[in-house]
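One-letter residues, chain by chain:
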Amino acid sequence: MAFEAWFTLAIIALIIVALISNRIGMDVAMLGGLVVLMAAGVVPVGKAIEGFASQAVLMIGGLYVVAAGMRETGAIEIAANRLLGRPASATEAKIRLLGPVALLSGFMNNTPIVAMCIPLVRNWSRRLEISPSTLYMPLSFAAILGGRLTMIGTASNLVVIGLFTQYMTQDHPWIVEMGISTPPEWVLFFGVGAIGLPCVVLGIIFIILTSRFLLPNRMPADSTPLDARTYQVEMIVQSDAPIAGSTIEHAGLRQLPGLFLSQIDRGGVIMPAVGPEEVLEAGDRLGFVGVLESVMDLRRIRGLEPATDQTTKLSGSTGSRTLVEVVVSANSPLVGHTVRGSRFRTRYNAAIIAVHRQGEKMEGKIGDIRLRIGDTLLLDTHVGFLESHRDDPDFYLISKVDESRPIRHDRAMISIGILALMVGLLIGGSHINIPPLLAVWISAMLMVFSRSVSGTVARASINLQVLVSIGAAIGLGAALEQSGAASSIVGWLIGGATEMQLHPTVMLLILFVIANALSQLITPYAASVLMFPIVMQAAELLGINPLAYVFTLMIAGCNFSTPIGYQTNLMVYGPGGYHFLDYAKLGIPLTILVAVICLIVAPAVFPY
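Residues numbered from 1 in each chain as written. Predicted model: local features only at pLDDT ≥ 70, side-chain atom pairs only at ≥ 80, totals over all residues. Heavy atoms only, no water.

Q: How should I be thinking about the nonpolar core in this particular structure?
A: Within soluble globular proteins, side chains that are nonpolar generally end up buried alongside one another. Ranked by internal contacts, the top residues of the largest apolar core, which has 135 residues, are Leu 97, Phe 141, Ile 195 and Tyr 549. Those residues in contact with Tyr 549 that sit more than four places away from it in its chain are Pro 504, Met 507, Leu 508, Leu 511, Val 535, Ala 538, Ala 539, Leu 542, Ile 544 and Tyr 608. Core analysis: the next-biggest nonpolar cluster, separate from the first, contains 28 residues, Ile 264, Leu 280, Met 296 and Leu 298 among them. (Core = buried A, V, L, I, M, F, W, Y, C linked by side-chain atoms within 4.5 Å. Buried < 20%, exposed > 50% of the residue type's maximum accessible area, 1.4 Å probe, protein only. Contact = heavy atoms within 4.5 Å.)

And the structure:
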């Protein structure tokens with residue numbers, strides 16, 4: 001190999017060491033390595049930065065906006081409750097989640113699926129009080145496995161099929177001598193699924209059974225701290241609420257951590273300590289005692305609103321609203337007044353929706369509570385409240401509650417319709433000349449224009465760390481190709497194997513291992529491009545039908561062992577709090593299982 005190839009491999013080795021040490025962020029490590037390679041002239045600047053404008057990076061950016069629209073309208077909770085239900089344990093959550101994710105990934109790009117499921121997994125983790133790191137990686141792995149069900153499951157599948165059909169149209173004497181013809185379209189579309197379906201079924205079973213032992217709890221379960229402030233809050237069931245007519249258990253009001261339904265006020269009749277089978281009615285005033293996170297969860301339930309008409313009288317748009325915590329000071333004119341008689345909305349353009357009093361349980365309705373010095377009030381107000389009252393002597397302390405914007409329930413069905421449009425365009429958009437990238441950004445812009453998500457929130461939802469990491473990873477893959485490192489290594493390994501005249505199944509294993517290892521370092525579709533001519537050359541030298549090798553090449557692109565090889569792994573890397581080597585603990589055994597399945601199934605379905 002040339003000096004450039006050795007230098008590139010050394011830089012990539014240093015990047016991996018830096019990531020394993022967990023002392024430097026993934027985006028900084030990968031971008032830093034790419035900058036060094038550009039500065040050394042190993043890869044041209046234009047070639048190195050192509051990844052940042054690649055379809056994968058731009059699509060993921062748009063998908064973050066679509067996911068934000070689904071989150072801001074509460075559509076994720078609606079879809080999750082109807083399609084996936086309410087799991088009672090981590091194992092049940094995996095059973096409910098992984099199968100549908102894998103199936104959907106076979107017919108559309110798995111990146112939007114993972115993007116949509118990340119907030120769902122976060123909510124499940126909070127409700128089940130489990131570490132989210134036990135679910136995020138299985139989510140990504142199920143999506144990767146599902147991409148091997150059809151030709152359109154992943155970009156690398158399409159690349160391989162395109163190269164194969166092009167190869168079959170060219171003049172290759174060995175193809176003619178063996179009487180091999182191009183398979184029918186249905187074989188090209190579902191052929192990979194003949195191997196992929198057993199991989200999906202057995203792989204998901206393996207993940208469910210072993211992930212509890214192989215995955216560490218990197219992120220602590222979001223349980224209720226012992227010293228957490230508990231608020232008293234009153235909510236009213238609206239006349240059009242979907243939960244009206246449901247039991248308390250079915251409405252999900254018993255599954256919020258750190259929250260207790262203390263009473264129901266039904267037409268002036270107080271019902272204390274109600275059971276889970278009590279049926280909710282429109283107009284019920286529900287009294288809760290709970291921590292801030294669970295109070296925020298109550299606001300996300302469609303048809304459940306704070307039991308005060310003051311929130312509807314606040315000035316400013318709904319999109320500019322947020323929650324703020326304030327502590328009543330000794331100089332505050334609020335001291336001694338009831339919440340209802342304090343004229344709080346008139347004074348501050350804010351509405352009190354919950355009250356916390358340290359070490360004391362307050363009886364009665366929120367409006368009848370007489371405020372004292374040191375009471376903590378949870379306010380529904382506008383985003384400018386913090387700046388306007390930062391030095392206000394009426395309050396000791398003011399702090400904004402993150403991600404507390406009101407849910408736009410009235411636009412939930414609009415955002416679900418936009419998502420359905422995106423899925424339809426991703427599946428069939430090629431027939432009307434709409435590529436996947438355009439389909440995603442059409443949907444993203446529709447989310448903004450329909451006011452399902454504001455422009456400010458849409459911008460903030462795009463995770464630049466993930467996009468930079470993926471763009472840099474693509475650039476590093478280009479450096480491996482440009483320097484000749486990838487082709488030299490692969491050619492040396494395959495050359496030695498063919499000279500030994502190995503059995504076709506042994507060669508199949510070697511091809512799988514090399515393609516999989518290469519996919520961990522560069523993108524799967526780049527690895528497919530590099531490996532395809534070698535796969536066909538191996539089939540020619542052994543004088544066999546290449547279909548088993550071609551479809552195994554698609555399966556070998558499964559990237560389980562590192563976070564840098566596939567975008568969905570990168571997407572869950574941060575939210576799961578994972579370390580670099582965590583992927584190998586579950587990913588390597590899963591890769592071995594997939595390899596064994598390929599060695600058994602591929603020759604049986606596509607004989608040599």
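Q: It is not clear to me how the side chain of Asn 349 should be interpreted in this structure. Could you clarify?
A: As for its placement among the helices and strands, Asn 349 is situated in the loop between α13 (344-348) and β7 (350-356). Apart from residues no more than four positions distant in its own chain, Asn 349 is found in contact with Leu 314, Ser 315, Phe 344, Thr 381 and His 382. (Helix = DSSP H or I, 4+ residues; strand = E, 2+ residues; numbered from the N terminus.)

Q: Whenever I open this one, the packing of helix α11 (residues 185-214) against helix α22 (residues 547-555) confuses me. Can you help?
A: Relative placement of two packed helices is described by the angle separating their axes and the distance separating the axes. Taken N-terminus to C-terminus, the directions of α11 and α22 make an angle of 60 degrees; their axes are 10 Å apart at the nearest point. One way to sum up the angle between α11 and α22 is to call them oblique. In this structure, α11 crosses over α22, and the sense of that crossing is right-handed. Facing Val 187, Leu 188, Gly 191, Val 192, Ile 195, Gly 196 and Cys 199 of α11, the residues of α22 in contact are Phe 551, Thr 552, Met 554 and Ile 555. (Axes fitted to C-alpha atoms, helices over the stretch in contact; angles between N-to-C directions. Parallel < 35°, antiparallel > 145°, perpendicular 65-115°, else oblique. Left-handed = near helix turned anticlockwise from the far one by under 90°.)

Q: Before we go on, may I ask you to explain the pairing of strand β4 (residues 285-291) in this structure?
A: Looking along a regular strand, one sees the side chains alternate between the two faces of the sheet. Burial of β4 is extensive: five of the seven residues sit out of reach of the surface. When strand β1 (residues 230-237) meets β4, the two strands line up antiparallel, connected through seven bridges. Paired with Thr 230 across the strands is Val 291, a residue of β4. In this structure, strand β2 (residues 259-266) lies alongside β4, joined through six bridges in antiparallel fashion. (Pairing = 2+ DSSP bridges.)

Q: Explain helix α6 (residues 90-105) to me, please; I cannot follow it from the model alone.
A: Think of an α-helix as 3.6 residues a turn; residues three or four steps apart then line up on the same face. Taking 1.5 Å as the rise per residue, α6 with 16 residues should run 22 Å; its terminal C-alpha atoms sit 22 Å apart, in good agreement. Of the positions making up α6, those classed as buried are Ala 93, Lys 94, Leu 97, Leu 98, Val 101, Ala 102 and Ser 105. (Expected span 1.5 Å × (residues − 1).)

Q: Explain the pairing of strand β6 (residues 321-328) here, please?
A: Taking burial as the measure, the eight residues of β6 include eight buried ones, the bulk of the element. Of the two faces of β6, the one carrying Arg 321, Leu 323, Glu 325 and Val 327 and the one carrying Thr 322, Val 324, Val 326 and Val 328 are both buried. Inspection of the sheet shows β6 paired to strand β8 (residues 376-382) by seven bridges, in the antiparallel sense. Note on β8: the bridge partner recorded for Leu 323 is Asp 380. Direction of pairing for β6 relative to strand β9 (residues 395-400): antiparallel, over a ladder of five bridges. Bridge pairing in β9 links Glu 325 to Ser 399.

Q: Hey, could you run me through the packing of helix α1 (residues 3-21) against helix α2 (residues 26-39) in this one?
A: Two elements in contact, α1 and α2, have axes separated by 10 Å at closest approach and are oriented at 165 degrees. On the basis of their axis angle, the class for α1 and α2 is roughly antiparallel. α1 and α2 meet at a crossing whose hand is right-handed. Taking contact as the criterion, the partners of Phe 7, Thr 8, Ile 11, Ile 15 and Leu 19 in α1 are, on α2, Met 26, Ala 29, Met 30, Gly 33, Val 36 and Leu 37. Looking at the contact of α1 with α2 residue by residue, the class counts come to nine nonpolar, two polar and no charged. (Nonpolar A, V, L, I, M, F, W, Y, C, P; charged D, E, K, R; others polar.)

So yeah, pure geometry; function would need other evidence.
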